[in-house]
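For reference, the chains in residue letters:
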Amino acid sequence: MRRRAFDTIFTAGGLVLTVVLLVAGGLLLWGAHFANSNVHDQLAAQKIYFPPKGSPALASPEIGPYLNQYAGQQLVTGPQAQAYADHFIAVHLSEVAGGQTYAQVSTQVQTLTASNPNSPKLAVLKAQQATLFQGETLRGLLLSAYAFWKIGQIAGIAAICSFVLAAVMAVLTGFGIWHLRKVSPTDEIFESEDLGAAKAAA
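Residues numbered from 1 in each chain as written. Predicted model: local features only at pLDDT ≥ 70, side-chain atom pairs only at ≥ 80, totals over all residues. Heavy atoms only, no water.

Examining the nonpolar core
Just so we agree on the cut-off: We call a set of buried residues a nonpolar core when its members are Ala, Val, Leu, Ile, Met, Phe, Trp, Tyr or Cys and they connect through side-chain atoms within 4.5 Å of each other. Think of it in three bands: residues with accessible area under 20% of the maximum for their type are buried, residues over 50% are exposed, and the middle band is partly exposed, with areas taken using a 1.4 Å probe on protein chains only. In this text, helices come from DSSP runs of H or I with a minimum length of four residues, and strands from runs of E with a minimum of two, each type numbered from the N-terminal end. Every residue pair with non-hydrogen atoms within 4.5 Å of one another is taken to be in contact.
In this structure, Leu 43, Leu 67, Leu 75, Tyr 84 and Leu 142 are the most contacted members of the largest nonpolar core, which totals 28 residues. Mapped onto this core, the elements with two or more residues apiece are α1 (3–46), α3 (78–93), α4 (102–115) and α5 (120–182). Sort the elements by how many residues they give to this core and α3 lands first, with 8 residues. Contact partners of Leu 43, with chain neighbours within four places excluded, come to Leu 75, Val 76, Thr 77, Ala 81, Leu 142 and Ala 145.

Description of the pattern of salt bridges
Working definition: two side chains of opposite charge can pair if their charged atoms are close together. To keep it simple, the criterion reads: Salt bridges are counted wherever a side-chain nitrogen of Lys or Arg sits within 4 Å of a carboxyl oxygen of Asp or Glu.
Going through the model one piece at a time under the given rule, you end up with 1 salt bridge. Asp 86 serves as the salt-bridge partner of Arg 139, at 2.6 Å between the closest nitrogen and oxygen. Of this pair, Arg 139 sits in helix α5 while Asp 86 sits in helix α3, and the two are 53 residues apart along the sequence. Judged by relative accessible area, which is 27%, Arg 139 ranks as partly exposed. Classification of Asp 86 by relative accessible area gives partly exposed; the value is 24%.

A word on unusual backbone geometry
Located in the positive-phi region is Lys 47, a residue other than glycine, with phi close to 55°. Tracing the backbone shows Lys 47 in the loop between α1 and α2 (64–67).

A closer look at the layout of surface pockets
The following threshold applies: The definitions used throughout rest on a 1 Å grid laid over the protein atoms alone, on which a cavity is an enclosed set of points accommodating a 1.4 Å probe that cannot get out and a pocket is an open set flanked by protein within 12 Å on both sides along at least five of seven lines; lining residues are those having an atom within 4 Å of a point. Grid points are joined across faces, edges and corners, and a volume is the space filled by probe spheres set on the points. Any residue outside Ala, Val, Leu, Ile, Met, Phe, Trp, Tyr, Cys, Pro, Asp, Glu, Lys and Arg is labelled polar, Gly included; the first ten of those are nonpolar and the last four are charged.
Estimates place the volume of the largest pocket at around 210 Å³. Lining the largest pocket we find Asn 38, Val 39, Gln 42, Leu 43, Gln 46, Leu 138, Leu 141, Leu 142, Ser 144, Ala 145 and Phe 148. When residues of the lining of the largest pocket are traced back to their parent elements, those giving at least two are α1 and α5. Per-element accounting of the lining of the largest pocket gives the leading share, 6 residues, to α5. Classifying every residue of the lining of the largest pocket by side-chain character gives 7 nonpolar, 4 polar and no charged.

Right, here's the structure in full:
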């Protein structure tokens, strides 16, 4: 096979790969920007604020160490959403019904409604059920926003990697083009033994 043909194939492949990496990087960068801006806008619309600095709401050792850094701020980012969901809402939900979830309390409500609908305990359970439903729903939404934000961060890192690899491939392709111009049209990749011996003897 001619050396020039071989170099042309690999140089063209490098050029195609460079373009592919640039396109992939652009799409990943767009995805990262979309995820971050969407999370920010959706969270900002909810107008959720962390308790102010020094607030009794931050006094708990299960809350303060995680939320003090955000004290008084509006919740608009993925990390803030995760912190608020796991270290504020979750802590208060654990106090509603002795650590029981909405599903557990809901099962009790259904059982008691069927067996003793006039029980005074039923009203308490229904109130706990409503509180847990609202709290767990909000917590789930915030954690979904955090997950979407995290995907955006990963896409951003992948975009940077794609651009770096594209730059490397562009340099290698440039070397390939430079080398291609120096190769003789008659050069072969693998010369026969007889031709090699003849050249050596000469």
